[in-house]
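Now for the letters of each chain:
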Amino acid sequence: MTILPPYQDHIGLWREELAAWLPDTIFDAHVHLGPPEAMGPIPLHRLQEPVTTFTALPLEELLQGYQAVYAGKTIAGMIAFPFPLREVRYEVANEYIARLMARDPRVRGFILANPRDTASTIRQYHALQKGGARFRGVKPYYDLLGKPMPFSSLHTDMEEFVPDELLEFMDAERLILMLHTSREGMGHPGCQRFVRRITERWPHVKVILAHMGRYTNKRQFLDFMDSGVWQHPNIFLEMSSASEPDVYAAALQHRELWARLLFGSDLPFGLISGVEYNAPETGLIFLTREAYPWTDRSLHERLERQRATLSYNTYHTLHALKRALDELPAAAGDKRQLMEDIFRRNAQDRLLTTT
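Asker: Looking at this structure, how should I read the pattern of salt bridges?
Answerer: Pairing is possible between side chains of opposite charge, provided their charged atoms come close. Taken as a whole and assessed by the stated rule, the structure comprises 22 salt bridges. Notably, a salt bridge pairs Lys322 with Glu17, separated by 3.8 Å at the nearest N-O pair. On the criterion of sequence distance, the pair formed by Lys322 in helix H12 (residues 313-327) and Glu17 in helix H1 (residues 13-21) is long-range, its members being 305 residues apart. Classification of Lys322 by relative accessible area gives buried; the value is 14%. For Glu17, a relative accessible area of 31% puts it in the partly exposed group. Note that Arg86 and Asp143 form a salt bridge whose closest N and O atoms lie 2.7 Å from each other. Taken together, the residues Arg86 in the loop between strand S2 (74-81) and helix H3 (90-103) and Asp143 in the loop between strand S4 (137-139) and helix H5 (158-161) connect sequence positions 57 residues apart. Taken together, the shared-partner salt bridges connect Arg46, Glu49, Arg86, Glu87 and Asp143 into one network.

Asker: Where do I start with the environment of Thr288 in this structure?
Answerer: Structurally, the position occupied by Thr288 is in strand S10 (residues 283-288). Look at Thr288 and you get buried, because its relative accessible area is 1%. In this structure the C-alpha to C-alpha distance between Thr288 and Thr309, which are 21 residues apart in sequence, comes to 9.6 Å. When sequence neighbours within four positions are dropped, the list of residues in contact with Thr288 reads Ile272, Ser273, Gly274, Trp294, Thr295, His300, Arg307 and Leu310. A polar contact is formed between the side chain of Thr288 and the backbone oxygen of Glu290, at a distance of 2.5 Å.

Asker: What's the story with the packing of aromatic side chains in this structure? I'm lost.
Answerer: Each aromatic ring pair is characterised by the separation of its centres together with the angle its planes make. For the coordinates displayed, the defined rule picks out 17 aromatic pairs. Aromatic pair Tyr312 and Tyr315: ring centres 5.7 Å apart, planes at 70 degrees, arrangement edge-to-face. Both residues of the pair, Tyr312 and Tyr315, belong to the buried class. Through successive ring pairs, a cluster of aromatic residues spans Tyr7, Trp14, Trp21, Tyr66, Tyr70, Phe263, Tyr312, Tyr315 and Phe343.

Quick notes on the rules
Residues numbered from 1 in each chain as written. Predicted model: local features only at pLDDT ≥ 70, side-chain atom pairs only at ≥ 80, totals over all residues. Heavy atoms only, no water. Salt bridge = Lys/Arg side-chain N within 4 Å of Asp/Glu carboxyl O. Helix = DSSP H or I, 4+ residues; strand = E, 2+ residues; numbered from the N terminus. Buried < 20%, exposed > 50% of the residue type's maximum accessible area, 1.4 Å probe, protein only. Contact = heavy atoms within 4.5 Å. Polar contact = N/O pair within 3.5 Å; in protein donor to acceptor, adjacent residues only side chain to side chain. Phe/Tyr/Trp six-rings, centres within 6.5 Å; stacked < 30°, edge-to-face > 60°.

Structure (structure tokens):
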């Protein structure tokens, strides 16, 4: 069964701008992997939510996808975790990641946490560890709470799916937290307080803020920058899904952050052909080149011209970073080093080292 869509360089973005610009070797800090049998049935109404666009991706197909999407590049490694949907079979999903780590050293696995039963996650972690699996981190997620819509991440507090019991365990085991923030992301005071508390109370937990900490508009990211939370050396920013050049420009102003920026693709979700779109009449949704089950049809028809300019989300995030780097007032040698850091060294040599 083929899961990934057929590859297309829709607007020539890879061919004309990204291929020559991207370093030859890259480390992907955000990938979802799992076999179809690790996911239970998806109810019909759930298909109206973008989070259910993909529910499985075996490693073999991911590697084939890499060859197409990042053609000519070598994948040095990846941070991989299961699909964090409420329909997931935790044990099966985590066991699959453990098997991948055993056979492919490029896979750095993060265990999927059950927010309703942290003890079961801890038990499975130790059981798989006895079998030789060395998970490097933990992936919690709001959807695993099973809240009915419209109670999405915008109506969820961080403490609901990242409990203290989990953080205590992670601190003892020196594990990394892959954090998809709730509410409006790191511009929200509650999220800022939550992350700051982690850095103060659990000093051995490194935190990856997925999607640049999340934001629904760039002002929220600037509020996050103003908060100073990012200054702690345990805080890393991962770039998947963040397609706003001004966000990268704001982050790159702070040279101390250069060592904590991570490339992530969010594959297979990074292959959604579009970008986030926020307007008063729609709220935060995706504007996409193709129609998906969750597509707003009226918007899809009305914005046909804008949709024609869209390609894979991972290409738009790369392009946004490129635009910010092009404008960065730094020496050419510094920029080359920064590129190597973002696309490989920060993950391999800084994040994944034992604290």
